[in-house]
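# Fold and contact review
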Amino acid sequence: MAPGLPSTTSLACFCQKLNRLKPLEGSFMETSLQRCLSTLDLTLLGVGGMVGSGLYVLTGTVAKQMAGPAVLVSFGVAAVASLLAALCYAEFGARVPRTGSAYLFTYVSMGELWAFLIGWNVILEYLIGGAAVARAWSGYLDSMFSHRIHNFTEAHVGVWHIPFLAHNPDFLAAGIILLASALVSCGARISSWLNHAFSAINLVIILFIIIMGFILAHPHNWSPEEGGFAPFGFSGILAGTATCFFAFVGFDVIAASSEEARNPKRAVPIAIAMSLGLVASAYILVSTVLTLMVPWHSLNPNSALADAFYQRGYSWAGYIVAAGSICAMNTVLLLNIFSGPRILYAMANDGLFFQVFAHVHPRTQVPMVGILVFGVLMAFMALLLDLEALVQFLSIGTLLAYTFVATSIIVLRFQKSPSPGLASPGPVAKEYNSFQDHTQLVGTEQASAPEPGQLRPALRPYLGFLGRCSSGSTVAWALGVMVASAITLGCVLVFGVLALHLPNWGYILLLLFSTIVFVLSLLVLGAHQQQRQQDTFQLNYLTWLRFFIWLLIGLMVYFGYGIWHSKENHQELQQSATARYVVFPNGSLEERVQAVQPPSQALVQKPSQEEQVTSP
């Protein structure tokens, strides 16, 4: 081999480092954070995380520019898609009740590198989400004061014409982020109380909007004279669904807070289901009354609900709606600042990020350094960056996190040897002491209960060729093929005939082939034993460029720091170092090999003369 080139063995070891899994050992309830959140607390955290700018801003934007009154269908389809992702989070949150959310879920099932990238992108998701909500918050408050804040900033600072930057700095948004960071740093209980207060006000105002909206409803606004129920057709509904999906981003705050829940195995699934159901109902009902109050084409996308009441002559109701929007955005902002530093804390606690972020304040029991750094970065983004660019960039990280969590659930269900703590607690096993007991155990129980990842016994006579591969390899291949076929099918449906430049028969053939491959891979997964227990959604190249730049920075941090300071790496180094030491006690009749102790311990435990005489 040429000098300076890595050997095959070292390259293989390096690849193993990238895919090593995090073992979950010990009690799940042991944590340096404070377990103080109940099921109600978690439910309101989820509601507060999802009901924000989506209800007060996205509803009008999608109704006027994408779907018309059919926005309620878009919200319904987006809610179903979000429910599927939420079920994955609920299952993982019950199995692994630790902070870290998608990062931790990926670490215990898919590997270290993938976990780091997911955690890195989830941090970006919280940063962008908080900055976008802060700018929307300031915009709503500015509209209540007849845009005096905006005009004052333009008069004294000027207008910028730089790509990716806002037209002028938003000092109000940056200031509210810093204030929220100071409140979150006071402890989880303080954050929960603030969320309770803002969420209660917000829910009352949403109920007011629904009741008042149905009183002022005009069915004529859905008539063909006004454009009909779906003026943009089916493609508009799909485009609206892709945008409405952003409105449900936020339920993962429940999984991120599971380490601070009193009874996470029960509270996390219940809180996710209840919060998503409440929020989906609110979105559908509010979008219904909004398009019934005024014609969809007359809506103001920036403040649709308040403007609808203004148009109907109820200006006082518009102020109530504006106050509700500010309360809702406050909850989202608080929860983004609450969740993001906890992802940093989980990564730093595992050694993949700088250890200063793993420090927990002894009195408030929160990751203080992470909250302060996270808040400053978010304030900087809200001060300078454009809101539209922030929201568009957010979609990539969310989609990637949800995809990896769903894939991790499949991997976990088919794992042959799950990590300790992942298996569901079952009845106490019988203790087998005799040889006859061991024979009985192997002969009956193992035959009737195949290991996860193996072919089901009933299908072995018909699908024996699938059982020739090693345990779990067929499942891994089927999962990879299913993901690839799903991506292909999605590209075919999104980009269509014109973008792919294919004839009609080629388009149909590709559509059928990807569908058949997806179904077959799904059937192959179903044949193996498990553990018991959008149409115009396109992103421009600049968004992808920013995404890959962020990934590149994350890879530099991981390969420059995380991979070498990982706790798993330290354990591997200690194991390899202790395995090199061999001690031969003097005076013994036989050479004894002790290959598990370092020299310091071996010298201390050197046998005395009496032991050497009595030794065989």
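Everything below is about the structure shown above.
Residues numbered from 1 in each chain as written. Predicted model: local features only at pLDDT ≥ 70, side-chain atom pairs only at ≥ 80, totals over all residues. Heavy atoms only, no water.

A few words on the overall build of the protein chain. When helices and strands are counted, the protein chain shows 23 helices and 0 strands. Counting across all 616 residues of the protein chain, residues that qualify as buried make up 49%. When the accessible surface of the protein chain is totalled, it reaches about 29,400 Å², and 68% of it is carbon and sulfur. (Helix = DSSP H or I, 4+ residues; strand = E, 2+ residues; numbered from the N terminus. Buried < 20%, exposed > 50% of the residue type's maximum accessible area, 1.4 Å probe, protein only. Areas by Shrake-Rupley, 256 points an atom, 1.4 Å probe, with all protein chains shown as cover.)

Relative to the assigned elements, Ser 223 resides in the loop between helix 9 (188-215) and helix 10 (233-244). A distance of 2.5 Å separates a polar atom in the side chain of Ser 223 from the backbone oxygen of His 220. (Polar contact = N/O pair within 3.5 Å; in protein donor to acceptor, adjacent residues only side chain to side chain.)

Right, let's get into the packing of aromatic side chains. Two numbers describe a pair of aromatic rings. These are the distance of the centres and the angle of the planes. One pass over the structure, following the stated rule, counts 19 aromatic pairs. Consider the rings of Trp 120 and Phe 353, whose centres lie 6.0 Å apart with planes at 50 degrees: the pair is tilted. Residue Trp 120 is found in helix 6 (residues 112-144), and its partner Phe 353 is found in the loop between helix 14 (315-349) and helix 15 (368-384); the two are separated by 233 residues along the sequence. You can call Phe 353 buried: its relative accessible area is 7%. Aromatic pair Phe 232 and Trp 296: ring centres 5.5 Å apart, planes at 70 degrees, arrangement edge-to-face. With Phe 232 in the loop between helix 9 and helix 10 and Trp 296 in the loop between helix 12 (264-293) and helix 13 (304-311), the pair connects residues that are 64 residues apart, well separated along the chain. Here Trp 296 falls in the buried class, since its relative accessible area comes to 11%. Taken together through their ring pairs, the aromatic side chains of Phe 116, Trp 120, Phe 353, Phe 354, Phe 357, Tyr 558, Phe 559 and Tyr 561 make up a single cluster. Above the ring of Phe 338, the side-chain terminus of Arg 342 is found at 3.7 Å from the ring centroid. (Phe/Tyr/Trp six-rings, centres within 6.5 Å; stacked < 30°, edge-to-face > 60°. Lys NZ or Arg CZ within 6 Å of the ring centre and 35° of its normal.)

Keep in mind these values describe shape, not function.
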